[in-house]
Amino acid sequence: MAVRGRPRGFDAEAALDRAVEVFWRQGYEGASLTDLTEAMGINRTSMYAAFGNKEELFHRAVARYAEVDMAYAREALAQPTAYGVVESFLRANADALTRADRPSGCLSVQGGLAEGGDSGRIAGFLADSRLAGERALAHRLARAVEEGDLPAETDPHALARYVMVVSEGNAVHAAAGATRTALHATVDIALRAVPRIHADVAADSAAVTSPST
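Residues numbered from 1 in each chain as written. Predicted model: local features only at pLDDT ≥ 70, side-chain atom pairs only at ≥ 80, totals over all residues. Heavy atoms only, no water.

### Here's the deal with the overall build of the protein
Then, in step 1: In terms of helices and strands, the protein carries 11 helices and 0 strands.
Then, in step 2: Listing each helix as α and each strand as β along the protein from the N terminus yields α-α-α-α-α-α-α-α-α-α-α.
Then, in step 3: Pairs at least 24 apart in sequence give 66% of the contacts found in the protein among residues at least 6 apart.
Then, in step 4: Roughly 11,800 Å² of accessible area belongs to the protein as shown, and the carbon and sulfur atoms make up 54% of that amount. (Helix = DSSP H or I, 4+ residues; strand = E, 2+ residues; numbered from the N terminus. Contact = heavy atoms within 4.5 Å. Areas by Shrake-Rupley, 256 points an atom, 1.4 Å probe, with all protein chains shown as cover.)

Pasting the structure below:
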């Protein structure tokens, strides 16, 4: 059976990647339809047909950003220890925020900084997106508490929120020109707040087994 309609004459994923960069650099409010379609290499009719209106395109762009540019967050959750999860996430985040081939900062933070005629929908959408990441991290840290990898008194939700505050703060500073070295220095300090129960156990064991003087 013949397929009706003209086949799409462009690479949708490549066009979406270019839209991601426009939104990343200019924010949702600052990115005009002309900016978007010119960067994507398509006309408005094709954009509407493939991605919907500007807000729908932005939602697709954020999903693409999470899939591609924030893949490191999913990889961090697979680390075997809570400390490893947090360190992997914050280190990779600092690197991602300062990549030479991408805009500085973070789309999920910069995309909704300016309020416009969307009645706060974009800012709310981005806040919900960040909260989803925070909840995933809190769930992983809660498992660490259950497994004895974090002290029993650890609040996994508060710890996850702390980690996200550090990453989002670094994103703001990266957009303002902070270097990768500066961001990693912040991560060094932040990691001191993460409990390392296994490190404490190892230190205690070494103290018990070491010969007395």
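### Examining the packing of aromatic side chains
Then, in step 1: Scanning the model with the defined rule gives 6 aromatic pairs in all.
Then, in step 2: Summarising the aromatic geometry, the rings of Y72 and F89 are spaced 5.9 Å apart at their centres and angled 35° between planes, so their arrangement reads as tilted. Of this pair, Y72 sits in helix α5 (residues 71–77) while F89 is found in helix α6 (residues 82–97), placing the two residues 17 residues apart along the sequence. Accessibility classification places Y72 together with F89 in one group, the buried group.
Then, in step 3: Three or more aromatic residues joined by ring pairs form one cluster here, namely F23, Y28, F58 and F125.
Then, in step 4: The side chain of K54 reaches across the aromatic face of Y28, ending 4.5 Å from its centre.
Then, in step 5: One Lys or Arg, R196, reaches over the ring of Y83 and ends 3.9 Å from the middle of that ring. (Phe/Tyr/Trp six-rings, centres within 6.5 Å; stacked < 30°, edge-to-face > 60°. Buried < 20%, exposed > 50% of the residue type's maximum accessible area, 1.4 Å probe, protein only. Lys NZ or Arg CZ within 6 Å of the ring centre and 35° of its normal.)

### What to know about the nonpolar core
Then, in step 1: Ranked by internal contacts, the top residues of the largest apolar core, which has 56 residues, are F23, L36, M40, F51, L57 and L90.
Then, in step 2: Here F23 is in contact with Y28, A31, L36, K54, L57, F58, A61 and L107, once residues within four sequence places are set aside. (Core = buried A, V, L, I, M, F, W, Y, C linked by side-chain atoms within 4.5 Å.)

### Examining the confidence of the model for the protein
Then, in step 1: Of all residues in the protein, 85% have pLDDT values of 70 or greater, and the mean over the chain is 87.
Then, in step 2: pLDDT under 50 marks residues 1–7. Its contacts with residues more than four places away, or in other chains, come to 0 contacts.
Then, in step 3: Within the model, the stretch residues 200–213 combines pLDDT values under 50 with 0 contacts to residues more than four positions away or in other chains. (pLDDT = per-residue confidence, 0-100.)

### What about empty space enclosed by the protein?
Then, in step 1: On inspection of all chains with the given rule, the structure shows 1 cavity of 30 Å³ or more.
Then, in step 2: Considering the residues around the largest cavity, the lining is formed by W24, Y65, D69, Y72, A96, R99 and R102.
Then, in step 3: Taken together, the residues of the lining of the largest cavity break down into 4 nonpolar, no polar and 3 charged. (1 Å grid on protein atoms, 1.4 Å probe; cavity = no way out; pocket = protein on both sides within 12 Å on 5 of 7 lines; lining within 4 Å. Points joined across faces, edges and corners; volume = space filled by probe spheres on them. Nonpolar A, V, L, I, M, F, W, Y, C, P; charged D, E, K, R; others polar.)

### Remarks on the pattern of salt bridges
When their charged atoms lie close together, side chains carrying opposite charge are able to pair.
Then, in step 1: In the structure shown here, the tally under the stated rule is 15 salt bridges.
Then, in step 2: Residue D69 pairs with R99 through a salt bridge whose shortest N-O separation is 3.9 Å. In this pair, D69 sits in the loop between α4 (54–68) and α5 while R99 sits in the loop between α6 and α7 (107–110), placing the two residues 30 residues apart along the sequence.
Then, in step 3: Given the relative accessible area of 11%, D69 is considered buried.
Then, in step 4: For E168, the salt bridge is made with R130, and the minimal N-O distance between the two is 3.8 Å. Linking E168 in helix α9 (residues 156–175) with R130 in helix α8 (residues 121–146), this pair joins segments that are 38 residues apart in sequence.
Then, in step 5: You can call E168 partly exposed: its relative accessible area is 26%.
Then, in step 6: One salt-bridge network, in which partners are shared between bridges, spans E21, R25, D69, R99, D101 and R102. (Salt bridge = Lys/Arg side-chain N within 4 Å of Asp/Glu carboxyl O.)

### Observations concerning the layout of surface pockets
Then, in step 1: The space that makes up the largest pocket amounts to roughly 480 Å³.
Then, in step 2: What lines the largest pocket is a set of 24 residues, and nearest its centre among them are M70, A73, S129, G133 and M164.
Then, in step 3: Mapped onto the lining of the largest pocket, the elements with two or more residues apiece are α4, α5, α6, α7, α8 and α9.
Then, in step 4: With 6 residues, the top contributor of residues to the lining of the largest pocket is α8.

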